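# Inside the fold
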Amino acid sequence: MPLSDWREGEDHLDTQAGVTSIYDPAYLEANVEGGEGFDWYYHSPEAEAAQIRTEIKDTAQGEHWIWRYKDLAGWWHNDHHERIGGVRQALATPWEPQSKPIWFTELGCAAIDKGTNQPNKFLDPKSSESQLPKFSTGLRDDLIQTQYLRAVLGHWGQVENNPISEVYGAPMLDMANAYVWAWDARPFPVFPNALDIWSDGDNHPRGHWLNGRVGQRTLNSVVGEICQRAGLEAGSYDVSQLHGVVRGYVVADVGEARAALQPLMLRFGFDAIERNGVLTFQMRNGLAAVDLDPDLLAISDAIDGSMEQIRESEAELAGRVRLRFVLSGGDHDVVGEEAVLPDQATHAVSQNDLPLALTRGEGRQVVERWLTEARVARDTIRFALPPSAMALGAGDVVRLPDSNGTKTLYRIDQLEQTELQLAEAVRTEPEVYTPSEMAEDLPGLTAFAPPVPVLPLFLDLPLMHGDEIPHAPLLAVTAQPWPGTVAVYDSNSDDNYVLDQIIAAGTTMGITKSPLAAAPTGRWDQGGDLHVSLISGSLQSREADAVLNGANLLAIGDGTSGNWELLQFQEAELIGPDSYLLRRRLRGQLGSDALMPATWPVGSWVVRLDGTPVQIGLTSAQRRISRHYRIGSARRGYDDPSYVHRIEAFNGNGLRPYSPVHLEQVGALGEDVVFNWIRRTRIDGDSWDLPEVPLGEETELYRVQVLRGETLVGEYSMNTPSWSYSPSAQVADGVIAGDRVEVTQVSSRYGAGLPATVILG
């Protein structure tokens, strides 16, 4: 049942009757048992367009309530007589007046412009009944929904409007069984944002739903509360002319009421004006203008002529306005909107932050209004009011001709009382305060991530790019589902943890489903396929040139921090969900060949090194010292049960020298045996232009050990890549055939690196 017959502009019947706004509570409540459907109706579409209203009355029998579909009391109080062929039957129907209470099984109003004109209309592209309310612009309007419910429920909640039955002793309308459409069982804000689950979410912004709206405050109630807290007494301020909804507002600092009101005034566009001892708040809308005759304006020495018109320079205006605010209806992210004048050549920018929750559409409307209002308000005018116009005050809109003689609207911003009233006014236009149609984009939600434990793997690896911190290990983390971000805390002991890293992305990792036998380095491994089952992520094949340039780098190991072989692959064949066969591999990359076992068994860990694993903040002094780590969802504290606790010590293998290569024995035991080798470098070793690869260490130093099993039988140091094992030294060591010789390069920071091995013969 409609509560309004509102149209755009100021020349329709309801504004002419003195109603200033469709949101006026008295206007809406008067139409609960009045107005269209009670007092009058439109007999044709043409009559409706022209607002030709026909009175509803029963001229034959005087039973007007028969034709008034809003007249619940008349229907409930009286006997019912059928009208057959227009003839009233003498015998009443079995209905007994006041015998039963009335239930509202469905009442409500869409949150759409002029929704009270036709509260039952709604927008749904998938419905054949989708339709805008009469004369609606289709813009979202949460306030009209609120005002409709307040008017209907408030009206019937008054005893004088809801009589008590003489039959059953209870009210005519059982408001305990008044059901508002619609409170949705789907949880807000998951609905309406989860469009992948519920396809009707796009209908929510302008629909009948109460979800997400019942907690909003009206603008006049918020401003009234600020006035009350500032100590103003009831009657000393008037907020009845304010219209809008406040979705959320933060007053962070203790201050004056003016400071608390300022963000609201900027957002909604209203003024505070003191008149006759009452602080009046009114919206800027450019309406209800008073015509002034320039010839009847007063003459003042302070003004050159009867009017003084000024236009500010364009150079003083900002051509771009930006606003940051809290996005309502989702995760409450801080977002920004921007408006730019299409013909603006200046680069001046106005940046503003509001501690308010807004929708995207509202943010765009605000910056558009600010930009347009600033451009229109460049034109100002000064004039003196005659005594006959003394009733005008600040905030009133007047109509005066501009310099071209065109009738123009001006809003009085300042009045100076002398022997006359000197007025200063700025140009205004009602269209500035009419919101533009904006797409009501849903804010979306970050998917809920349950607090499941994450899987962390530490990798103490050699330098891969050369720009890493050489002593700091990598940390690879994955989880199913991924929690959004992962926090890494560390400490010397299992307390007093400090945040080390925030990891934004999970690493591609998995486990092997087939063994991987050792293979030569430096050439393609064409051996059996390596079957890998991924926990997260994906793999893909690459061209051979891309692989030779570093693509598709993996670490394979047993999960301990220091035991990882680095390998690359060219071909990855997807054979099932998260399952791949890897072919054409390059083994033992970046000096990790010395860690390659005879076979990597089934169940070995595989980690993709694509830049996703991050280096933790380990100092050089913390190498080889056990430290405590707690790793889990960044949304929870490190003491949450979902956090994984690790105790790790790292060697800093980015400092570790590579093992020598081409180690060979010249000569047999019992005579001078010479061992020769070629050193490698861990730093900048890929250039073909240098005669020798960089040393990579402070000095060239090697350690040679002679071992029988795990027993050391002799140890020697030298500064060149060659060693002569004399017969006397062989006798002293008691060396025999089958013993082995291990050669390692020595770093002054790391110590001995990985060994090259040869069996004595």
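Below: a short report on this structure. Only a predicted model underlies this, so the values are computations on that prediction, with no experimental measurement involved.

We now examine the pattern of salt bridges. Applying the stated criterion across every chain, the model contains 55 salt bridges. When the shortest N-O distance is used, the salt bridge between Lys134 and Glu48 registers 2.5 Å. Of this pair, Lys134 sits in the loop between strand E5 (102-107) and helix H5 (142-156) while Glu48 sits in helix H3 (residues 45-50), and the two are 86 residues apart along the sequence. Its relative accessible area of 27% is what places Lys134 among the partly exposed residues. The buried category is assigned to Glu48, whose relative accessible area is 15%. Beyond isolated ion pairs, a larger network of salt bridges with shared partners links Arg140, Asp142, Arg213, Arg247, Arg267, Glu362 and Glu440.

This part takes up the nonpolar core. One recurring pattern in soluble globular proteins is that nonpolar side chains are buried together. In terms of nonpolar packing, the biggest core is built from 31 residues, with Leu219, Val223, Leu242, Leu264, Phe270, Phe281 and Leu323 touching the most fellow members. Elements with a contribution of two residues or more to this core: helix H7 (219-229), strand E8 (237-241), helix H8 (257-268), strand E11 (278-283), strand E14 (320-327), strand E15 (334-340), strand E16 (349-358) and helix H9 (360-376). Core analysis: the second largest hydrophobic core is formed by 28 residues, Leu3, Leu107, Leu149 and Val152 among them.

This part covers the side chain of Asn161. Position of Asn161 relative to the elements: it lies in the loop between H5 and strand E6 (173-180). For Asn161, a relative accessible area of 16% translates into the label buried. Once residues lying within four places of it in the same chain are set aside, the contact partners of Asn161 are Glu29, Glu33, His155, Trp156 and Met172.

Attention now goes to the environment of Leu586. Its place among the elements puts Leu586 in strand E31 (residues 579-589). When the C-alpha atoms of Leu586 and Leu499 are compared, they prove to be 37 Å apart, with 87 residues separating the residues in sequence. Ignoring anything within four residues of it in the chain, the contact list for Leu586 reads Arg523, Trp524, Val547, Leu548, Leu566, Leu567 and Gln568.

Turning next to the layout of surface pockets. Within this model, the second largest pocket holds a volume of roughly 1400 Å³. Around the second largest pocket sit 43 residues that line it, and Gln589, Leu590, Tyr658, Gly685 and Asp686 are the ones nearest its centre. No other element matches E31, which puts four residues into the lining of the second largest pocket. In terms of residue class, the lining of the second largest pocket is built from 17 nonpolar, 15 polar and eleven charged.

Below, the discussion takes up empty space enclosed by the protein. Where empty space is left becomes clear once a probe the size of a water molecule has been rolled over the atoms. Overall, the coordinates contain six cavities of 30 Å³ or more when judged by the stated rule. Taken as a whole, the largest cavity spans an internal volume of roughly 60 Å³. Lining the largest cavity are Leu459, Leu461, Pro462, Leu463, Met464, Glu468, Ile469, Pro470, Ala472, Pro473, Leu474 and Gln615. Its residues assigned to classes, the lining of the largest cavity shows ten nonpolar, one polar and one charged.

Further remarks concern the packing of aromatic side chains. Considering all chains together, one arrives at 18 aromatic pairs under this definition. On the basis of an interplanar angle of 65° and a centroid distance of 5.5 Å, the ring pair of Trp6 and Tyr27 is categorised as edge-to-face. In this pair, Trp6 sits in the segment before helix H1 (13-16) while Tyr27 sits in helix H2 (residues 25-30), placing the two residues 21 residues apart along the sequence. Where Trp75 meets Trp95, the ring centres are 4.9 Å apart and the plane angle is 35°; that geometry is what we call tilted. Taken together, the residues Trp75 in helix H4 (residues 72-77) and Trp95 in the loop between strand E4 (87-88) and E5 connect sequence positions 20 residues apart. Accessibility expressed as a relative area gives 39% for Trp75, which makes it partly exposed. What makes Trp95 buried here is its relative accessible area of 17%. Among the aromatic residues, those joined into a ring-pair cluster are Tyr489, Tyr497, Tyr638 and Tyr643. When the ring centre of Phe191 is taken as origin, the NZ or CZ atom of Arg186, which lies over that ring, is 3.7 Å away. Above the plane of the ring of Tyr750 lies Arg624, whose end atom (NZ or CZ) is 4.7 Å from the centre.

How each quantity is defined
Residues numbered from 1 in each chain as written. Predicted model: local features only at pLDDT ≥ 70, side-chain atom pairs only at ≥ 80, totals over all residues. Heavy atoms only, no water. Salt bridge = Lys/Arg side-chain N within 4 Å of Asp/Glu carboxyl O. Helix = DSSP H or I, 4+ residues; strand = E, 2+ residues; numbered from the N terminus. Buried < 20%, exposed > 50% of the residue type's maximum accessible area, 1.4 Å probe, protein only. Core = buried A, V, L, I, M, F, W, Y, C linked by side-chain atoms within 4.5 Å. Contact = heavy atoms within 4.5 Å. 1 Å grid on protein atoms, 1.4 Å probe; cavity = no way out; pocket = protein on both sides within 12 Å on 5 of 7 lines; lining within 4 Å. Points joined across faces, edges and corners; volume = space filled by probe spheres on them. Nonpolar A, V, L, I, M, F, W, Y, C, P; charged D, E, K, R; others polar. Phe/Tyr/Trp six-rings, centres within 6.5 Å; stacked < 30°, edge-to-face > 60°. Lys NZ or Arg CZ within 6 Å of the ring centre and 35° of its normal.

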